[in-house]
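Per-entry structural report
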Amino acid sequence: MAQDGAASQQITLEANHELRMEVAWGKQVHLQLLKGQAEVFGTSLDLGERVSIRGQKVAVYSWQGCLLELEGDPDVMYTSDETPMAHYLNIHDVLDARRQEALKSKGQGPRTFVVGPTDVGKSSLCKILLNYAVRAGWAPTFADMDIGQGSITLPGCIAATPLEAPIDVEDGLPTDAPLVYYTGTPSPSDNPTLYRHFVERLAHVLELRAQSDAQVRASGLFVNSMGWITDLGYELLKHTVQSLKCGVVLVVGDERLYSQLSADMKKSDPTIQVLKLPRSGGVVVRSRELRQEARKVRVEEYFYGNRKELSPASQTAKFEDLQVYRVGGGPRAPSSALPIGATSVADPLKLSRILNPHELLYTLLAVSHAPQPELLLSVNAAGFIYVQDVDVAKGTITYLAPCAGPLPGSLLLAGSFKTYLD
Ligand code: ATP
């Protein structure tokens, strides 16, 4: 029997096999490495360390074989030896050689873009390659362009974070120094101009960081993309490759996308290397509802922590003391008011101040570092608050903030998607 009374079992994992587990939100299991070597998406497990897996779908992979102890009851659990891990390790070796060269020549290490349709394991591949780079002594940067999930901070965010230690299996990516831009929506089609704008801002800041630190520069960058790979989604992918000056594009699980990107990159910049990788059979396909639920869980985790270890503060403020802006609210003239043949186009980057607080109910607001409204789209977000209640009569809003006390700024950027926190 295990420490907390849950049933336990020992599992022997052969070399080059993985144990795949799905643990529903609100449930947890514990895992302990008793013998041998094992890793979770590239993060090594220490011998004897008891790791909690909560609301996650994970693969515990072993290159050499191991003995594990599992406490609790995962919803799904099975082992497999059909994994793309050998391909992933080969890619790591190629990237590592480039980092060595970059360090010697004081040049730029590999900037790697990971693309593919939804649910092919792009984020997991990024984690594995990031962890392998960290374990080899590098300090890579992770940039997440998938605003649908927002793995670094929150859905709706384009963000990047430096990595100096392997990603914690329980706590996920480090959250102490992310660079974050809030688009306010989980779907880039809502305002593609804003999406492009923030990708370029992020690229600019990352370029400055890389210029000032040779180790960071040589370590390179991993960029995770969204799974929208057709039409405008495809154009946005190409824009990201160009903006972040990616030299390697890893296409996961899609032959057509691979050949399309190979042909396009050959035309635009033949030095960009496009490589294809197989999808892992372990990747779990998520329905639309599950993705919505995942977004809500991300928001809850931002404020409460993934173990409910944080104590966010609920505070009330006069709405007039906050300056809340929305992007893309430029007025659209009715076509009857325009000359024949002319079309009305609202400025997608126009900022307009929100005067009715009611529209903010159950939304996230990014608290900006910007000193003045004109800079709201140039400066990154300091953090987020969640609007819990609005009293129009009193002119107040009640919001949840990660900690008590004054906000780091009085300029805020509103988003459009609503999340109902219980
Ligand atoms: P998206 O469509 O959101 O961009 P993605 O392509 O980035 O998805 P992942 O997020 O990497 O895919 O994987 C989808 C889910 O499958 C995640 O919950 C991940 O933890 C899980 N998963 C990935 N690989 C495995 C595996 N080998 N075994 C078990 N679960 C896995």
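Since the model is a prediction, treat every value here as computed from it, not as a measurement.

Here's the deal with the overall build of the protein
Within the protein one finds 7 helices and 23 strands. For 422 residues, the compact-globule estimate of 2.2 N^0.38 gives 22 Å, and the C-alpha radius of gyration of the protein, at 23 Å, lies within 12% of that figure. Here the C-alpha coordinates of the protein stretch approximately 70 × 55 × 40 Å along the principal axes. In the protein, buried positions account for 52% of the 422 residues. Accessible surface, the protein as shown: approximately 19,200 Å² in total, 50% of it carbon and sulfur.

Observations regarding the UniProt feature "domain: Clp1 P-loop" (unreviewed entry) in the protein
Here the UniProt feature "domain: Clp1 P-loop" (unreviewed entry) sits at residues 116-305. With 44% helix and 15% strand, residues 116-305 has end C-alpha atoms that lie 30 Å from one another.

Here's the deal with the sheet that holds strand E8 (residues 66-71)
Pairing is antiparallel in the open sheet, where 4 strands are placed in the order E1-E8-E3-E6. The two strands at the open ends of the sheet, each matched to only one other strand, are strand E1 (8-13) and strand E6 (50-54). On average, adjacent strands in this sheet sit at an angle of 30° to one another, irrespective of strand direction. Where E1 and E8 come together, 6 bridges link them in antiparallel fashion. Its bridge partner being in E8, glutamine 10 is matched across the sheet by glutamate 69.

Here we look at the pairing of strand E10 (residues 111-115)
Every regular strand shows the same layout, with side chains that alternate between the two sheet faces. Most of E10 is tucked away: 5 of the 5 residues are buried. Neither face of E10 is left uncovered, since the one carrying Arg111, Phe113 and Val115 and the one carrying Thr112 and Val114 both have all their residues buried. Pairing of E10 with strand E15 (residues 248-252) involves 4 bridges; the strand directions are parallel. For valine 115, the partnering residue across the bridge sits in E15 and is valine 251.

A closer look at the site of the ligand
In the region of the ligand, 21 residues are neighbours, and Lys57, Asp119, Lys122, Ser123 and Ser124 sit closest. A distance of 2.8 Å separates an oxygen atom of the ligand from a polar backbone atom of aspartate 119. When the free accessible area of the ligand is taken as 630 Å², the share hidden by the protein chains comes to 92%. Of the residues in the shell around the ligand, the class split is 6 nonpolar, 7 polar and 8 charged.

Thoughts on helix H1 (residues 85-104)
For H1, built from 20 residues, the straight-helix expectation of 28 Å at 1.5 Å per residue is met to within 8% by its first-to-last C-alpha distance of 29 Å. For H1, the set of buried residues is Met85, Tyr88, Ile91, His92, Leu95, Asp96, Arg99 and Ala102. The arc enclosing the buried residues of H1, seen along the axis, measures out at 145°, which places them on a common side. Along H1, exposed side chains directed more than 90 degrees from the buried face belong to Glu101 and Lys104. Positive phi appears at lysine 106, one or two residues downstream of H1, with a value of about 55°.

Thoughts on the confidence of the model for the protein
Mean pLDDT over the protein: 93, with 95% of residues reaching 70 or higher. Counting contacts from residues 330-334, a segment whose pLDDT is below 50, to residues more than four positions away or on other chains yields 9 contacts.

Comments concerning the layout of surface pockets
Taken as a whole, the second largest pocket spans an internal volume of roughly 210 Å³. The set of elements that each furnish at least two residues to the lining of the second largest pocket consists of helix H3 (192-211) and helix H4 (214-219). Looking at the lining of the second largest pocket, the element that brings in the most residues is H3, giving 5 residues. The residue inventory of the lining of the second largest pocket, partitioned by class, reads 7 nonpolar, 4 polar and 5 charged.

Focus on the packing of aromatic side chains
Evaluation of the coordinates by the stated rule reveals 7 aromatic pairs. Ring plane angle 55° and centroid distance 6.5 Å describe the contact between phenylalanine 303 and tyrosine 386, whose orientation is recorded as tilted. Linking phenylalanine 303 in helix H7 (residues 288-304) with tyrosine 386 in strand E21 (residues 381-391), this pair joins segments that are 83 residues apart in sequence. By the burial criterion, phenylalanine 303 is buried, and tyrosine 386 matches it.

Observations concerning the state of the cysteines
As enumerated under the stated definition, the model contains 0 disulfides in all. Cysteine 246 provides the cysteine sulfur closest to cysteine 126, a residue in no disulfide bond, and the two sulfurs are 10 Å apart.

Scoring rules and cut-offs
Residues numbered from 1 in each chain as written. Predicted model: local features only at pLDDT ≥ 70, side-chain atom pairs only at ≥ 80, totals over all residues. Heavy atoms only, no water. Helix = DSSP H or I, 4+ residues; strand = E, 2+ residues; numbered from the N terminus. Rg over C-alpha atoms; globule rule 2.2 N^0.38 Å. Buried < 20%, exposed > 50% of the residue type's maximum accessible area, 1.4 Å probe, protein only. Areas by Shrake-Rupley, 256 points an atom, 1.4 Å probe, with all protein chains shown as cover. UniProt positions renumbered as here; feature names shortened; annotations may be inferred. Pairing = 2+ DSSP bridges. Axes fitted to C-alpha atoms, helices over the stretch in contact; angles between N-to-C directions. Near = heavy atom within 4 Å. Polar contact = N/O pair within 3.5 Å; in protein donor to acceptor, adjacent residues only side chain to side chain. Nonpolar A, V, L, I, M, F, W, Y, C, P; charged D, E, K, R; others polar. Expected span 1.5 Å × (residues − 1). Arc of directions from axis to C-beta. pLDDT = per-residue confidence, 0-100. Contact = heavy atoms within 4.5 Å. 1 Å grid on protein atoms, 1.4 Å probe; cavity = no way out; pocket = protein on both sides within 12 Å on 5 of 7 lines; lining within 4 Å. Points joined across faces, edges and corners; volume = space filled by probe spheres on them. Phe/Tyr/Trp six-rings, centres within 6.5 Å; stacked < 30°, edge-to-face > 60°. Disulfide = S-S within 2.5 Å.

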